[in-house]
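Examining the three-dimensional arrangement
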Amino acid sequence: MSWGTELWDQYDNLAIHTSKGIEFLDKYANFIRDRLAIETEYAAKLRRLAKNYQPKKKEEDDNEFTSHQAFRNVLKEINDLAGQREVVAESLQLQIIQGITLLSKTLREERKKCLSNGTYLQQNLSSQLSALERAKRNYEKAYRDSEKAVDNYKKADMDLNLSRAEVERYKNIMTAKIQQSDDAKNEYANQLQKTNNLQQQHYNELLPEVFNRLQELDEKRTRGIREFIIGAADVESSVAPIIARCLEGMVKAGESINEKEDSYKVIERYQSGFTPPTDIPFEDLSKQDPESSQESHYNNVQSSHLTVKGTISANRIKKRVGIFNIFGSNKNSLTADGQKEDFSDLPPNQRRKKLQAKIAELQQKIAQETAARDGLMKMKVVYEANSSLGNPMTVEGQLNESEHKLEKLKIDLKKYQGYLERANQIPMASNSPQANRNNLHNGHRVSRHSNGSTEDNNEDGDDQPDDGGSLSRSDSEDNVAQIQNGHNNNNNGSSASPESGLGTSHTSLPGSGQGSAHDNAMGEDAYYETEMELLQPLGTCRALYPFEATSEGSIPMNEGEVLQVIEIDQGDGWTRVRRLNNTNGWDEGFVPTSYIECTLYA
């Protein structure tokens, strides 16, 4: 179907239709621009939302919970999702908006040319029709004048009163009018033929060509809109897989939340290490003197108050640091947050964690300062070998300063290791995870004093040795914290790696130099009695890979070997295990946790 053939007389309507078509194209372009603005605004708001809900610095302690970690992962996915919306907006701008703008400009220019050509053709036809109309009117007038002249001649020829000359004049007039009529007739015939030829060419060739060109432009516009709509959908679908992965990441983040693990972390964070208050004894005033009874009651109330208060709100109890502190003597300096230097104002469990974190921080600083010092020493050697590179004396001052910093850090490290060692000698709460790992002998809980003696917490007062003195992590967490970057910071010069046994191993003899002084003070009888009391196994483990013990405190194992677990991994990457030895009885030691697969008893 052709517009030139079917719509030969609809020039004005076609002009209006093509104009509306281009306006519709511009309307679709405005729609894409508005959508682009929405996508850009949506992406910006998503990024602002993720930024506003990023964890603050004061909330860093909560980042260990799986729910907080999952929420941080969700925020990352939200940022990625915002990035994909920005990609959609950018693609719409480059592929759709620019394409529509270019097409609209081209269609307007082509339509203007076609309409100008059509207007010119219409004007030519109108001019020819006007000329034909004038020729026709002239011919009609000349014909009427000739007929009138013929009638006048006939009347004059019939009138006998007129002279022969008068009759001849009327004859000449008739002849002239007839000639004029014939000329007008010929002119009219010529104009009619010319008009018909032009009109036929106009409606059969010239104007259909213009209309067909308009039809092509309109079809091009329609085809362009189809391509742009599909292109916009393709832009959206191109980012759909990435958006789907973002949503999958959110789902995985939600599935990674472990309520049991978070509950355990809450225990680890807020466990004070205090012992729950014991029952208040009945005081028979009739059998005691008033002064001793009153003093006993006061001591019980004070002890109970301190224990409960420390258990419930230990983290909220802070020593007041202010103007009054300058008038009193404070043997222990305070940190920036108002805590004591050795964190003695914190509950026992929290104090150990703070001290271990401080030791790890100092060890990291020592490693960094040691690396800097080594670099300066190498630089000095190079300068001494080639003086053109630099003056060795310029490095000397930096080396002295580095040595001073390193010495100060080592002193601080030794001091905090001493704090941690004294903190580990404090008995822990009976309901804490650390206390649950203490040894039980015949239902009695045993704890070690700093002087090497043992204390039985049961009522019958029987003394039992501490079985955990050789390899117990609870008595040597300070040694664990000292391991970093291969540096040994143990005071007695022995290896402080997890493989070293974190203290005196069962295979070490008392007084051989291994372990601390209070371990050696136990005596051989207590030592061998401890050796005979075996720890109850917590489960079993299977060796995934072979392991060769490289130092004292660790034991070798073969792939597939099944061992007993007697102490689980405390975060240092080592698990304490035991195997039956036909020669020496039981072998105990540490193996890497990543080398075994554990199955704990319920």
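Reading the values: the criteria
- What you see as residue numbers is a count from 1 along each chain, following the sequence as written.
- With the structure being a predicted model, the display of local features is reserved for residues of pLDDT at least 70 and the display and counting of side-chain atom pairs for 80 or more, all residues being used for whole-chain, interface and lining totals.
- The side-chain quantities take in all heavy atoms of the structure and omit both hydrogens and water.
- UniProt positions are given in the numbering used here, feature names are shortened, and annotations may be inferred rather than shown by experiment.
- Strands are runs of DSSP state E lasting at least 2 residues, helices are runs of H or I lasting at least 4, and numbering of each runs from the N terminus.
- To sort residues, take the accessible area from a 1.4 Å probe on protein chains only and compare it with the maximum for the residue type: under 20% means buried, over 50% means exposed, and anything in between is partly exposed.
- Whether two residues are in contact is decided by their heavy atoms: any pair within 4.5 Å suffices.
- To be clear on the numbers: accessible area is Shrake-Rupley with a 1.4 Å probe, and residue cover counts the displayed protein chains and nothing else.
- To qualify as a nonpolar core, a set must consist of buried Ala, Val, Leu, Ile, Met, Phe, Trp, Tyr and Cys residues joined through side-chain atoms within 4.5 Å.
- To get an axis, a line is fitted to the C-alpha atoms, and for a helix only the part in contact is used. The angle between two axes follows their N-to-C directions and goes from 0 to 180 degrees.
- With respect to orientation, any angle under 35 degrees is reported as roughly parallel, any angle over 145 as roughly antiparallel, any angle of 65 to 115 as roughly perpendicular, and every other angle as oblique.
- Think of it as three bins: nonpolar holds Ala, Val, Leu, Ile, Met, Phe, Trp, Tyr, Cys and Pro, charged holds Asp, Glu, Lys and Arg, and polar takes everything else, Gly as well.
- We call Phe, Tyr and Trp rings a pair once their centres come within 6.5 Å, taking the six-membered ring for Trp, and we label the pair stacked below 30 degrees between planes, edge-to-face above 60, and tilted otherwise.
- Paired strands, as defined in this entry, are two strands with at least two bridges between them according to DSSP.
- Pairs of cysteine sulfur atoms within 2.5 Å are what we label disulfides.
- An expected span of 1.5 Å times one less than the residue number is assigned to each helix.
- Bending is quantified residue by residue as the angle between axes fitted to the seven-residue window ending at that residue and the seven-residue window starting at it.
- The working definition used for a salt bridge is a side-chain nitrogen of Lys or Arg within 4 Å of a carboxyl oxygen of Asp or Glu.
- Any residue with relative accessible area above 30% and no salt bridge may belong to a patch, with like charges joined within 9 Å and the nonpolar Val, Leu, Ile, Met, Phe, Trp and Tyr side chains within 5 Å.

Looking at an unreviewed UniProt entry, one finds the protein named Formin-binding protein 1-like isoform X9, with Glossina fuscipes as its source organism. Of the comments in the UniProt record for the protein, the one headed Sequence similarities (unreviewed entry) reads "Belongs to the FNBP1 family."

Counting its secondary structure elements, the protein contains 12 helices and 8 strands. Evaluated residue by residue, the protein yields a buried proportion of 36% over its 602 residues. Sequence separation of at least 24 residues holds for 69% of the intrachain contacts in the protein that already meet a minimum separation of 6. Surface accessibility of the protein: about 36,900 Å² in total, with carbon and sulfur atoms responsible for 51%.

If you look at the biggest cluster of nonpolar residues, it comprises 40 residues, and the most contacted ones within it are Leu 25, Tyr 28, Leu 92, Ile 96, Ile 100, Phe 211 and Phe 228. Going through the elements one at a time, helix H2 (11-52), helix H3 (66-158) and helix H4 (164-255) are the ones with two or more residues in this core. Those residues in contact with Ile 100 that sit more than four places away from it in its chain are Leu 25, Tyr 28, Ala 29 and Phe 228. In this structure, Phe 343, Leu 346, Leu 355 and Tyr 416 belong to the second largest nonpolar core, which totals 13 residues.

We now examine the packing of H3 against helix H5 (residues 259-270). Packing of H3 against H5 brings their axes to within 8 Å, and their N-to-C directions diverge by 120°. Of the possible angle classes, the one that applies to H3 and H5 is oblique. Contacts between H3 and H5 involve Thr 66, Ser 67 and Gln 69 from the former and Glu 261, Asp 262 and Lys 265 from the latter. Broken down by class, the residue content of the contact of H3 with H5 amounts to no nonpolar, 3 polar and 3 charged.

Counting through the fold element by element, Phe 228 comes out in helix H4. Distance in space between the C-alpha atoms of Phe 228 and Ile 100 is 7.7 Å, their sequence separation being 128 residues. Non-local contacts of Phe 228, meaning those with residues more than four positions away in its chain, are made with Leu 25, Tyr 28, Gln 95, Ile 96, Gly 99, Ile 100 and Leu 103.

Take the packing of aromatic side chains next. Going through the model one piece at a time under the given rule, you end up with 9 aromatic pairs. Relative to Tyr 188, the ring of Tyr 139 lies with its centre 5.8 Å away and its plane at 0°, an arrangement referred to as stacked. With Tyr 139 in helix H3 and Tyr 188 in helix H4, this residue pair connects regions lying 49 residues apart in the sequence. Between Phe 547 and Tyr 595 the ring centres are 5.9 Å apart and the planes differ by 80°, which places this aromatic pair in the edge-to-face class. Note that Phe 547 is positioned in the loop between strand E4 (539-543) and strand E5 (562-567) and Tyr 595 in the loop between strand E7 (585-592) and strand E8 (596-600), a separation of 48 residues in sequence. The exposure class assigned to Phe 547 is buried, which follows from its relative accessible area of 9%. Here the aromatic residues Tyr 545, Phe 547, Trp 574 and Tyr 595 are joined through ring pairs into a cluster of three or more.

Attention now goes to the side chain of Lys 265. Examined against the element boundaries, Lys 265 turns out to sit in helix H5. Residues contacting Lys 265, with those up to four places away along its chain left out, are Glu 64, Phe 65, Thr 66 and Gln 69.

Bringing the sheet that holds strand E6 (residues 574-581) into the picture now. Two orientations exist for strands paired in a sheet by backbone hydrogen bonds: parallel and antiparallel. Strand order in the open sheet formed by 5 strands is E7-E6-E5-E4-E8, with antiparallel pairing between adjacent strands. The strands lining the two open edges of the sheet, one partner per strand, are E7 and E8. Each neighbouring strand pair of the sheet contributes to a mean axis angle of 35°, computed without reference to strand direction. With 8 bridges joining them, E6 and E7 adopt antiparallel strand pairing. Counterpart to Val 577 in the pairing with E7 is Gly 589.

Scanning all chains against the criterion turns up 0 disulfides. In this model Cys 598 remains outside any disulfide bridge; the closest cysteine sulfur is found in Cys 541, 5.1 Å from its own.

Its 92 residues give H4 an end-to-end C-alpha distance of 132 Å, which sits within 8% of 136 Å, the value for a rise of 1.5 Å per residue. Along H4, the sharpest kink reaches roughly 50°, centred on His 202.

A complete count under the given rule lists 26 salt bridges for this structure. The closest approach of N and O atoms between Glu 597 and Arg 542, which form a salt bridge, is 2.9 Å. Pair noted here: Glu 597 is in strand E8 and Arg 542 is in strand E4, with a separation of 55 residues, a long-range link. Exposure remark for Arg 542: the relative accessible area of 38% places this residue in the partly exposed category. Measuring nitrogen to oxygen at the nearest pair gives 3.3 Å for the salt bridge that ties Arg 578 to Glu 588. Pair noted here: Arg 578 is in strand E6 and Glu 588 is in strand E7, with a separation of 10 residues, a long-range link. This pair shows no difference in class: Arg 578 is buried, exactly as Glu 588 is. Residues participating in the shared-partner salt-bridge network are Arg 35, Glu 39, Arg 85 and Glu 236.

Our next topic: a nonpolar patch on the surface. On the surface, Leu 49, Tyr 53 and Phe 71 cluster together into a nonpolar patch covering about 310 Å² of accessible area. The topology assignment puts Phe 71 in helix H3.

It is worth spelling out the packing of H5 against helix H7 (residues 348-385) at this point. Each pair of packed helices gets described by two things: the angle between the helix axes and the distance between those axes. Running from N to C, H5 and H7 cross one another at 90°; their axes reach a closest spacing of 7 Å. The angle between H5 and H7 places the two elements in the roughly perpendicular class. Residues Glu 268, Arg 269 and Tyr 270 of H5 form the contact with H7, whose own contacting residues are Asn 349, Gln 350 and Lys 353. Among the residues making up the contact of H5 with H7, the classes are represented as 1 nonpolar, 2 polar and 3 charged.

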